[in-house]
Amino acid sequence: MQLKIETTCPTVWKFDYESKDPELDELYELAKKNQWNVTTDIDWEHGIREDSDILDRGENALAHSNFFKSLSKQTQNDLMANQAAFTLSQFLHGEQGALLCCGQLVDAVPDIQGKLYAATQVVDEARHVEVFHKYLTMLDKSYPITSGLKNVLDAILSAEKWQAKCVGMNIMVESLAMGSFRNMLVSAQDPTLKEIVRLTSRDEARHVSFGIIALQDELPNLSDEERAELEDFAFTALTLLTGRDGDGRVPEGTARAVQPIIDAGIDPQEMAAALAKEREEGAMDPMQAVRSRSLFRDYMILNLERVGLVTDRVRPQYLEAGFLQAE
Ligand SMILES: [Fe+2]
Ligand SMILES: [Fe+2]
């Protein structure tokens, strides 16, 4: 796995210190006001409840399947615990990617107000890395980053233009994070985790707002060619994130999505076949697939549409890949 990412994105000075964007001023004020401290604003004394799942299994379609019910109690518990650790580990790695990307945005955005705002996001993301690392340490279980997440973050970090970084991070990855956090706010059983997710998602909402404000201001200034480049970058990032980009190889040091299943002592192929059969027979709750599909559509693609990056030129690609459905 590559740890050093090269970028040719230029660092830009700005000597006009007057803000010309009241909307960004407001967001910057909100960011300063809503800072919180991982050490003092979370009640760590609770610890983790050992007697129950940290995520509600009632919210997990897998837990409703006959396959799951056929497993021993111990294997069921292990699988739920592993899956929760896997999801939270991806949050942690995503937060580090966001931290690195925001540092680049401070350098690269051309306006002073954008630089000041992005600096608050750097602190936010540092706090998110801190909080998820602390929680995962308590959980005593963690997983490496998946190749899909690493690939999309690398594409964003190595992008040459700040606009691409802003689309990839603030519109796409942040929208997906915000959707995931909102789901987790419903499913979190552990009060410490619930509080972490509540505070983190409040920060993420600001980060998405920054992406929307910055890009809505910037897009009219771009040439047709630059705009098309940005639309293509967004689509490529989507294929990377969903793992549809390549040969399915998993680079050394990254995690496969089946690892939590294997670690619970279950054969993933056997499980996939059993679940496929249940689905065919109509015995399985289709909610999980619906939920993850709508995470992409209701948050990420909706915000790409909102800033005007799903144009008639690229819409057919979205339809063909199944990211959108014909009306
Ligand atoms: Fe974050
Ligand atoms: Fe963020």
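Residues numbered from 1 in each chain as written. Chains lettered and ligands numbered in written order. Predicted model: local features only at pLDDT ≥ 70, side-chain atom pairs only at ≥ 80, totals over all residues. Heavy atoms only, no water.

### A short note on the coordination of the iron ion (ligand 2)
Protein-derived ligands of the iron ion (ligand 2) are Glu125 (OE), Glu174 (OE), Glu174 (OE), Glu204 (OE) and His207 (ND1), with the metal-ligand distances lying across 2.0 to 2.5 Å. Taken in chain order, the donor set of the iron ion (ligand 2) reads E-x48-E-x29-E-x2-H. Between the two metal centres, the iron ion (ligand 2) and the iron ion (ligand 1), the spacing is 3.1 Å, with glutamate 125 acting as a shared donor. Remark: glutamate 174 occurs in helix 7 (residues 162-187) and glutamate 125 occurs in helix 5 (residues 112-139); sequence separation between them is 49 residues. Exposure remark for glutamate 125: the relative accessible area of 0% places this residue in the buried category. The exposure class assigned to glutamate 174 is buried, which follows from its relative accessible area of 2%. (Donors = N, O, S within 2.8 Å, 3.2 Å for Na, K, Ca; no water. Helix = DSSP H or I, 4+ residues; strand = E, 2+ residues; numbered from the N terminus. Buried < 20%, exposed > 50% of the residue type's maximum accessible area, 1.4 Å probe, protein only.)

### So, helix 1 (residues 22-33)
In a regular helix each residue adds 1.5 Å, so 12 residues correspond to 16 Å; helix 1 covers 16 Å between its end C-alpha atoms and thus fits that length. Looking only at helix 1, the buried set comprises Leu24, Leu27, Tyr28 and Ala31. Buried positions in helix 1, seen along its axis, are confined to an arc of 100 degrees and lie on one side of it. In this structure, helix 1 carries Pro22, Glu26 and Lys33 as exposed residues pointing more than 90 degrees from its buried face. (Expected span 1.5 Å × (residues − 1). Arc of directions from axis to C-beta.)

### Thoughts on the environment of asparagine 37
Tracing the backbone through its elements, the reader meets asparagine 37 in the loop between helix 1 and helix 2 (38-41). Judged by its relative accessible area of 36%, asparagine 37 is partly exposed. Placed 93 residues apart in sequence, asparagine 37 and glutamate 130 show a C-alpha to C-alpha distance of 9.9 Å.

### Regarding the state of the cysteines
Among covalent bonds in proteins, the disulfide is the one between the sulfur atoms of two cysteines. According to the stated counting rule, one finds 0 disulfides in the structure shown. Just so you know, cysteine 102 is unpaired, no disulfide at all, and the nearest cysteine sulfur is the one on cysteine 101, 5.8 Å from it. The exposure class of cysteine 102 is buried, given its relative accessible area of 0%. (Disulfide = S-S within 2.5 Å.)

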